[in-house]
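Below, each chain spelled out in residue letters.
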Amino acid sequence: MQKSILTLIIILHTSCANIVAPTGGKRDIDPPKIKNITIVKNDKKSLNNVILFEFDENIQLNNWDENFYISPIIKNLQKKIKGKFLYLSIKDTLHKNKSYNISLGQCIKDINEGNILDTLSYIYNDNNLEHTELSGVLKDSYTLEYLENYWIMLFDEKIEDSLLIKNTPKYISKTDKKGRFHFPNLINENYKILALSGFDLIFNTDEKIAFLNREINTVKDTFISLLAFKENIENETIDSNLYIKKDSLIERKESVGLGQLEIITELNSSSIFQLLQKNKVVSEHYFDQKPFLIKSIEPGKYQLKCIEDRNEDKIWNTGNLQKQIQPEKVFNYQSEILIRSNWDLEIEWVIIE
């Protein structure tokens, strides 16, 4: 009897062990977090300084060459990863009157899940120098969409504009998902600014570029907006004849059931107004004087775009770096417009340049 009871206990114990499935923890969705940054000096000449970044978990590189930068530029810099640590070894002599912004955004990810550290920057500065800051945003000059991963470069004010792309910038930064860029460690000087999608400074006509027609003063200028464009590409110029119903065609009859739109604005220059649906232009209307009245519109929902036609050629024109010409200004109406059948709609548009 005792033997039978013992056998039963062993069977029950074994069964329990077989039916219990192992359970894992929650999936790691957090990127590595910085725990500590340590500076290790090897000599008094600022050579072979090592910056040690310690994270809360084991790390690996993520597209380092595309994402990493240090500003001002240091060419002789080496990196090494060991477990939770990133070692940056500076082999160059550092300027005693400059601070160096080290950007590690998108450069580091964890080992297991590959979660990428979105932003991380560190200002390396032995002398606690005073510096000024400059921020800004970069948009496409025609769509006004934010441009990500563009290099923003500051050059010596003495360099001719036509030679900017052939020279090394003093400071560099890079735009984030919302087109924002930031220079946290500038010396109080005047600069010329240039934006390119590639940092090789080999500009080609398929690449968008942005610049200002003036120098930047880091005391007066704290925030700037840049508009990027492709230079003098014929197919970048809007050809209304290809797909746009022009006023001369629309006004061939006043059909019952169509709507009308009048735009009240302080803008006095020659203007092109476009009606879009799903970001595609469905009609375009040119005006050289007020009123800005668009007739015979099919009922529906539209986006509204205004182009300030500076040279009065009835098309949108891009810019040119060599000639210091900016693209013609474009404005998007913030709200969607609803055109109703047999209704006249009047909107007031405060256009801020």
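Quick summary incoming for the structure in this document.

Each value, and the rule that gives it
Residues numbered from 1 in each chain as written. Predicted model: local features only at pLDDT ≥ 70, side-chain atom pairs only at ≥ 80, totals over all residues. Heavy atoms only, no water. Pairing = 2+ DSSP bridges. Helix = DSSP H or I, 4+ residues; strand = E, 2+ residues; numbered from the N terminus. Axes fitted to C-alpha atoms, helices over the stretch in contact; angles between N-to-C directions. Core = buried A, V, L, I, M, F, W, Y, C linked by side-chain atoms within 4.5 Å. Buried < 20%, exposed > 50% of the residue type's maximum accessible area, 1.4 Å probe, protein only. Contact = heavy atoms within 4.5 Å. Polar contact = N/O pair within 3.5 Å; in protein donor to acceptor, adjacent residues only side chain to side chain. Salt bridge = Lys/Arg side-chain N within 4 Å of Asp/Glu carboxyl O. Phe/Tyr/Trp six-rings, centres within 6.5 Å; stacked < 30°, edge-to-face > 60°. Lys NZ or Arg CZ within 6 Å of the ring centre and 35° of its normal.

With that settled, consider the sheet that holds strand β21 (residues 292-297). Across a sheet, paired strands are connected by hydrogen bonds in the backbone, their directions being either parallel or antiparallel. Across the sheet, which stays open at both edges, the three strands sit in the order β21-β18-β25 with mixed pairing between neighbours. Lying at the two open borders of the sheet, with one neighbouring strand each, are β21 and β25 (344-348). Within this sheet the neighbouring strands show an average axis-to-axis angle of 15 degrees, counted without direction. One ladder, built from five bridges, connects strand β18 (residues 259-264) with β25; its direction is parallel. Paired with Q260 across the two strands is D344, which belongs to β25.

To continue, consider the nonpolar core. Core analysis: the biggest nonpolar cluster contains 20 residues, and L86 and L104 have the highest contact counts within it. Listing elements by their share of this core, those giving two or more residues are β2 (49-55), β6 (85-90) and β7 (100-103). Ignoring anything within four residues of it in the chain, the contact list for L86 reads I51, L52, F53, F55, I59, W64, K79, K80, I81, L104 and I108. Within the second largest apolar cluster, 19 residues are counted, among which are F181, F183, Y191 and L212.

Secondary-structure assignment places N62 in the loop between β3 (59-61) and α2 (64-67). Here the side chain of N62 touches Q106 through a polar contact of 2.8 Å, landing on its backbone oxygen.

Let us now look at the pattern of salt bridges. Tallying each qualifying case throughout the model produces six salt bridges. Ionic pairing is found between K192 and D161, a salt bridge with its closest N-O pair at 3.5 Å. Placement of K192 in strand β14 (residues 190-196) and of D161 in the loop between β11 (151-156) and β12 (171-174) is noted, with a sequence separation of 31 residues between them. Salt-bridge contacts for D176 lead to R180; the nearest nitrogen and oxygen are separated by 2.9 Å.

Further remarks concern the packing of aromatic side chains. Under the counting rule described, the total for this entry stands at 13 aromatic pairs. Arranged with centres 6.4 Å apart and planes meeting at 40 degrees, the rings of F85 and Y87 form a pair that is tilted. For F85, a relative accessible area of 28% corresponds to the partly exposed category. By relative accessible area, which is 27% here, Y87 ends up partly exposed. Judged by centre distance (6.1 Å) and plane angle (70 degrees), the rings of F211 and F229 are edge-to-face. A residue pair is termed long-range when its members are at least 10 positions apart, and F211 in strand β15 (residues 209-211) and F229 in the loop between β17 (223-228) and α3 (240-243) qualify at 18 residues. With a relative accessible area of 2%, F211 lands in the buried category. Ring pairing ties together the aromatic residues F273, F287, F292, Y333 and W349, which thus form one cluster. It is K80 that lies over the ring of Y87; its NZ or CZ is 5.2 Å from the centre.

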